[in-house]
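Listed below are the residues making up each chain.
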Amino acid sequence: EGVISMPSNIFANTATNVSILFINKSSQEKAILIDASNLGEKVKEGKNQKTVLSQEDIEKIINHFSKKKNLDDF
């Protein structure tokens, strides 16, 4: 159903970029691609840096994914 590209350092112990894939075998709709990599706030946690999404960021992702609504630069 769609792909969400998450911000880097979303997990504090790894610098690996993360994308979430949503697959629905019965869906006939086009997939939506969301680039959420610029969302969130960088937070230092010990020696590691991670990105924390605000509740507003999470709601933005959920709303646009649910409505399959495209936004420029998102």
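Provided above is the structure to which this section pertains.
Residues numbered from 1 in each chain as written. Predicted model: local features only at pLDDT ≥ 70, side-chain atom pairs only at ≥ 80, totals over all residues. Heavy atoms only, no water.

Explanation requested: the overall build of the protein chain in the structure shown.
Within the protein chain, the secondary structure is distributed over one helix and five strands. Counting from the amino terminus, helix and strand elements in the protein chain follow one another as β-β-β-β-β-α. By principal-axis analysis of the C-alpha atoms, the protein chain measures approximately 45 × 25 × 20 Å. Looking at the protein chain as a whole, 26% of its 74 residues are labelled buried. In the protein chain, of all internal contacts separated by at least 6 residues, the share reaching a separation of at least 24 is 57%. Carbon and sulfur atoms provide 49% of the accessible area of the protein chain, an area that totals close to 5,600 Å². Of note, the protein chain has its 10 positive side-chain charges centred 5 Å away from the centre of its 10 negative side-chain charges. (Helix = DSSP H or I, 4+ residues; strand = E, 2+ residues; numbered from the N terminus. Buried < 20%, exposed > 50% of the residue type's maximum accessible area, 1.4 Å probe, protein only. Contact = heavy atoms within 4.5 Å. Areas by Shrake-Rupley, 256 points an atom, 1.4 Å probe, with all protein chains shown as cover. Lys, Arg positive; Asp, Glu negative; His and termini not counted. Charge placed at Lys NZ, Arg CZ, Asp CG, Glu CD.)

Teacher, can you tell me more about the sheet that holds strand β3 (residues 32-35) here?
Sheet strands line up and pair through hydrogen bonds in the backbone, either parallel or antiparallel. Spatially, β2-β1-β3 is the arrangement adopted by the three strands of the open sheet, whose pairing is mixed. Each edge of the open sheet carries a strand with a single partner, namely β2 (19-22) and β3. The average angle at which neighbouring strand axes cross in this sheet is 10 degrees, direction not considered. Of the strand pairs in this sheet, strand β1 (residues 2-5) and β3 are connected by four bridges, and their pairing is parallel. Residue pairing in the sheet places Ile4 in a bridge with Ile34 of β3. (Pairing = 2+ DSSP bridges. Axes fitted to C-alpha atoms, helices over the stretch in contact; angles between N-to-C directions.)

How should helix α1 (residues 55-67) be read in this particular structure?
Since the α-helix packs 3.6 residues into each turn, any two residues three or four apart lie on the same face. The terminal C-alpha atoms of α1 lie 18 Å apart, and with 13 residues this matches the ideal 18 Å at 1.5 Å per residue to within 8%. Where α1 is concerned, the buried positions are Asp57, Ile61, His64 and Phe65. For α1, the angular spread of buried residues about the axis comes to 100 degrees, placing them on one side. Turned more than 90 degrees from where α1 packs its buried face, Gln55, Glu56, Ser66 and Lys67 sit exposed. (Expected span 1.5 Å × (residues − 1). Arc of directions from axis to C-beta.)

Help me out: how do you make sense of the packing of aromatic side chains in this one?
The description of an aromatic ring pair uses the distance of the two centres, along with the angle that the planes make with each other. Applying the stated criterion across every chain yields a total of one aromatic pair. Measuring from centroid to centroid gives 4.7 Å for Phe22 and Phe65, while their planes differ by 50 degrees, and the two rings are tilted. Pair noted here: Phe22 is in strand β2 and Phe65 is in helix α1, with a separation of 43 residues, a long-range link. By relative accessible area, which is 14% here, Phe65 ends up buried. Lying across the ring of Phe65, Lys68 places its NZ or CZ 4.8 Å from the centre. (Phe/Tyr/Trp six-rings, centres within 6.5 Å; stacked < 30°, edge-to-face > 60°. Lys NZ or Arg CZ within 6 Å of the ring centre and 35° of its normal.)

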